[in-house]
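Topology and contacts: notes
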Amino acid sequence: MVLSQQTITVIGAGNIGRALIGGLIRGEYVMPEQLRATRRNPAMLQQLQDDFPGVRTGTDNAEAVDGASVVVLAIKPQNARQVIHEIRDAVNDETLIVSVLAGVTTAGLVDAFGRELPVVRTMPNTPMLVDEGATAIAGGVHTDEGHLAIVQRMFEAVGTVEEVPEYLMDAVTGLSGSGPAYVYMFIEALTDAGVKQGLPRPTAFRLAAQTVYGAAKLVLDTGKHPAILRDEVTTPGGTAISAVAELESHGLRTMLINAVATATQRSHELANDE
Ligand SMILES: NC(=O)c1ccc[n+]([C@@H]2O[C@H](COP(=O)([O-])OP(=O)(O)OC[C@H]3O[C@@H](n4cnc5c(N)ncnc54)[C@H](OP(=O)(O)O)[C@@H]3O)[C@@H](O)[C@H]2O)c1
């Protein structure tokens, strides 16, 4: 198994880092003893230790990466420069660097390490907290298929994985990276819509969230085109088609296309501000 030989250090075990550790252990992708994790807050580190016995935790980043075959950078982008400065002499030339840093390129990371290290850039999303993430991965110039296979396997522990060329990472950020925010707005609006029609709010909320979840599951499980599934719920002269017509008249599709375009552009701008 591609991960059984790895020693994986997660630098910055916050939301994303912790979710990855949890998924890897729960799914038995790795033994807890193969994992190390750092962050600065000792109480939170203790919590991590209690939740995942066997994982080696600490505050010393350089010590944590010593001998690791994979190092996951899961700190915020603003902490990256300092962390890389701390660890760059402690990683060896074969260490695979896996970045979840939004807007930081593989070339920028190779540059920051000052070595020709293999770097794989990833863009996960927060549903990985419940093992239902959508993660895109892109290799840098010094990575090979073996490196990508390791990262693919790691993120499969917390959802699905798509490999893309790096130039598409801004588009991924606009679609699936930021996408949960759009879907939460949709669920919230659908809940309000139900309340307006007289449903108690908790009932409307549960119906709205489960409808989004169930519809997504039907798309994924059947592999059917969403338009076909939509046709299947729109009876001639019925309720669904009158609502579909209303959504179309307000340009739902154009609204989403423009929203993702704006987020993609913003991701590009932020990356170039660095
Ligand atoms: N959240 C998302 O939707 C999302 C999606 C895709 C990508 N990302 C990327 O994922 C990364 C992490 O995001 P997050 O939401 O998991 O943030 P987070 O919960 O704030 O996690 C970052 C962690 O880094 C730790 N940290 C900060 N400085 C450190 C240092 N010098 N040494 C060791 N640990 C340090 C922090 O813990 P202490 O304060 O205890 O040190 C914190 O636990 C970001 O780069 C973000 O761009 C996030």
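Residues numbered from 1 in each chain as written. Predicted model: local features only at pLDDT ≥ 70, side-chain atom pairs only at ≥ 80, totals over all residues.

1. A short note on the site of the ligand
Under the convention used in this document: Being near a molecule or strand means, for a residue, that its C-beta atom, positioned from the backbone, comes within 6 Å of it. Strands are runs of DSSP state E lasting at least 2 residues, helices are runs of H or I lasting at least 4, and numbering of each runs from the N terminus. When residues are sorted by character, Ala, Val, Leu, Ile, Met, Phe, Trp, Tyr, Cys and Pro go into the nonpolar class, Asp, Glu, Lys and Arg into the charged class, and all the rest, Gly among them, into the polar class.
What surrounds the ligand is a group of 28 residues, the closest being Gly12, Gly14, Arg40, Asn41 and Ala102. Elements with a contribution of two residues or more to the shell around the ligand: α1 (15-26) and α4 (77-87). Counting residues per element, the shell around the ligand draws most heavily on α4, which supplies four residues. Its residues placed into classes, the shell around the ligand shows 13 nonpolar, 12 polar and three charged.

2. What to know about the nonpolar core
Put simply, the rule reads: Think of a nonpolar core as buried Ala, Val, Leu, Ile, Met, Phe, Trp, Tyr and Cys residues chained together by C-beta atoms that fall within 7 Å. Once C-beta atoms are placed from the backbone, each residue is buried if 20 or more other C-beta atoms lie within 10 Å of its own, exposed if 12 or fewer, and partly exposed for counts between those two. A residue pair is marked as a contact if its C-beta atoms, positioned from the backbone, fall within 7 Å.
Val71, Val72 and Leu73 are the most contacted members of the largest nonpolar core, which has 55 residues in total. At six residues, α1 tops the list of elements feeding residues into this core. Apart from residues lying up to four places away in sequence, Leu73 is in contact with Ile11, Gly12, Ala80, Val83, Ile97, Val98, Ser99, Val100 and Leu101.

3. A look at the packing of helix α7 (residues 169-177) against helix α12 (residues 252-273)
Note the cut-off: Axis lines are fitted through C-alpha atoms, for helices just across the contact stretch, and the angle between N-to-C directions can take any value from 0 to 180 degrees. An angle below 35 degrees is treated as roughly parallel, one above 145 as roughly antiparallel, one from 65 to 115 as roughly perpendicular, and anything else as oblique. Helix crossings fall into two classes, left-handed where the near helix is turned counterclockwise from the far one by less than a right angle and right-handed where it is turned clockwise.
The geometry of α7 relative to α12 is characterised by a closest axis approach of 8 Å and an angle of 130° between their N-to-C directions. The angle between α7 and α12 falls in the class oblique. Of the two elements, α7 crosses α12, and the hand of that crossing is right-handed. Listed contacts from α12 to Asp170, Ala171, Thr173, Gly174 and Leu175 of α7 are Val260, Ala261, Ala263, Thr264, Ser267, His268 and Ala271. Of the residues belonging to the contact of α7 with α12, the class tally is six nonpolar, five polar and one charged.

4. Section: the domain arrangement of the chain
Rules: Throughout, the edges of the domains are those of an automatic or database domain assignment.
Looking at the assigned domains, one finds that the chain contains domain 1 (8-169) and domain 2 (179-272). Between domain 1 and domain 2, the C-alpha centre-to-centre distance is 32 Å. With five residues of domain 1 in contact, the opposing surface of domain 2 contributes five residues. Partitioned by chemical class, the residues of the side of domain 1 that touches domain 2 number one nonpolar, four polar and no charged.

5. Things to note about helix α11 (residues 239-249)
Counting buried residues in α11 gives zero out of 11 residues, a small share hidden from the surface. Positive phi shows up at Gly251, right after α11, with a value of about 70°.

6. Regarding the sheet that holds strand β2 (residues 35-38)
Heads up, the condition is: Two strands are said to pair when DSSP picks up at least two bridges between them.
If you trace the eight strands from one edge of the open sheet to the other, you get β3-β2-β1-β4-β5-β6-β7-β8, paired in mixed fashion. Taken across any chain shown, the strands that pair with only one partner, and hence form the sheet edges, are β3 (56-58) and β8 (159-163). For this sheet, the mean angle separating the axes of adjacent strands, direction not counted, is 20°. For strand β6 (residues 119-123) and strand β7 (residues 133-139), the ladder comprises four bridges, and the chain directions are antiparallel. Across the sheet, the residue bridging to Val120 is Gly139, located in β7.

7. Structural notes on the pairing of β7
β7 sits mainly inside the fold: seven of its seven residues count as buried. Neither face of β7 is open: one carries Gly133, Thr135, Ile137 and Gly139, the other Ala134, Ala136 and Ala138, and all of them are buried. Relative to β8, β7 runs parallel, the two sharing five bridges. Residue pairing in the sheet places Ala134 in a bridge with Thr160 of β8.

8. What to know about the pairing of β2
Keep this limit in mind: Here the term right-handed applies to a crossover when the path leading from its first strand over the helix to its second strand runs clockwise, the strands being oriented away from the viewer.
Residues Leu35 and Ala37 of β2 are buried on one face, and the alternating residues Arg36 and Thr38, pointing to the opposite face, are buried as well. Of the crossover connections in this fold, the one passing from strand β1 (residues 8-11) over α1 to the parallel β2 is right-handed. Relative to β3, β2 is paired through three bridges, and the arrangement is parallel. What sits directly across from Ala37, in β3, is Thr57. As for the winding sense of the linkage, the β-α-β connection from β2 through helix α2 (residues 42-51) to β3 is right-handed.

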